[in-house]
Amino acid sequence: QVQLVESGGGLVQPGGSLRLSCAASGFTFSSYGMRWYRQAPGKERELVAGISSGGFTTYADSVKGRFTISRDNAKNTVYLQMNSLKPEDTAMYYCYWFRYWGQGTQVTVSS
């Protein structure tokens, strides 16, 4: 069955960096695009970044220039490198494929 397992979240100070990972299984990872979403308390879930099977990337305006999505097809893993983090980036971050969601990993940006 399809599994998406996120990791890498944590508490970081403003201006800091984190790298999230999403290990995928149960489907032919290299053939599909992947996405990262996030949801802050009291807010709707929003798309953060996406990457196609060919490596084409898209980003929400709020993270452009700070976040980088990438993938390693040999490891069936998609990454989200987050730099220059801001308090407003605080949210649960989710990996998404087709109609499947991971369990999420919490990112908290606070001094």
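Residues numbered from 1 in each chain as written. Predicted model: local features only at pLDDT ≥ 70, side-chain atom pairs only at ≥ 80, totals over all residues. Heavy atoms only, no water.

Notes on the overall build of the chain
- Within the chain, the regular secondary structure consists of zero helices and 11 strands.
- For the chain, the sequential pattern of α-helices and β-strands runs β-β-β-β-β-β-β-β-β-β-β.
- Its C-alpha radius of gyration of 13 Å places the chain within 12% of the 13 Å reference for a compact globule of 111 residues.
- Taken along its principal axes, the extent of the C-alpha atoms in the chain is 40 × 25 × 20 Å.
- Looking at the chain as a whole, 41% of its 111 residues qualify as buried.
- Summed over all atoms, the accessible surface of the chain reaches about 5900 Å², with 47% contributed by carbon and sulfur. (Helix = DSSP H or I, 4+ residues; strand = E, 2+ residues; numbered from the N terminus. Rg over C-alpha atoms; globule rule 2.2 N^0.38 Å. Buried < 20%, exposed > 50% of the residue type's maximum accessible area, 1.4 Å probe, protein only. Areas by Shrake-Rupley, 256 points an atom, 1.4 Å probe, with all protein chains shown as cover.)

With respect to the nonpolar core
- By size, the foremost hydrophobic cluster in this structure holds 29 residues, and its most contacted members are Met-34, Trp-36, Val-78, Leu-80, Met-82 and Tyr-93.
- Those residues within four positions of Met-82 in sequence are excluded, and the remaining contacts are Gly-16, Ser-17, Leu-18, Leu-20, Arg-66, Phe-67, Tyr-93 and Val-107. (Core = buried A, V, L, I, M, F, W, Y, C linked by side-chain atoms within 4.5 Å. Contact = heavy atoms within 4.5 Å.)

Concerning the sheet that holds strand 3 (residues 18–25)
- One open sheet accounts for four strands, arranged 1-3-8-7; its pairing is antiparallel. Because the sheet does not close on itself, it has two edges, and the strands there are strand 1 (3–7) and strand 7 (67–72). The sheet shows a mean angle of 15° between the axes of neighbouring strands, taken without regard to direction. (Pairing = 2+ DSSP bridges. Axes fitted to C-alpha atoms, helices over the stretch in contact; angles between N-to-C directions.)

What to know about the pairing of strand 4 (residues 34–39)
- Direction of pairing for strand 4 relative to strand 5 (residues 46–51): antiparallel, over a ladder of five bridges. Across the sheet, Tyr-37 pairs through a bridge with Leu-47, a residue of strand 5.
- Hairpin connection, strand 4 to strand 5: the antiparallel pair is bridged by six residues, and Gly-42 has positive phi, about 80°.
- In this sheet, strand 9 (residues 91–97) lies alongside strand 4 in antiparallel orientation, the contact comprising five bridges. Bridging across to strand 9, Trp-36 finds its partner in Cys-95.

Side note on the environment of Ala-60
- Within the element layout of this structure, Ala-60 appears in the loop between strand 6 (57–59) and strand 7.
- Judged by its relative accessible area of 17%, Ala-60 falls in the buried class.
- Considering only alpha carbons, one finds Ala-60 and Leu-47, 13 residues apart in sequence, at a separation of 6.7 Å.
- The contact partners of Ala-60, leaving out residues within four places of it in the chain, are Leu-47 and Val-48.

Describing the pattern of salt bridges
- Summed over the entire model, instances satisfying the criterion amount to four salt bridges.
- Taking the shortest distance from any N to any O, the salt bridge between Arg-38 and Glu-46 comes out at 2.6 Å.
- It is possible to trace a salt-bridge network through shared partners that takes in Arg-38, Glu-46, Arg-66 and Asp-89. (Salt bridge = Lys/Arg side-chain N within 4 Å of Asp/Glu carboxyl O.)

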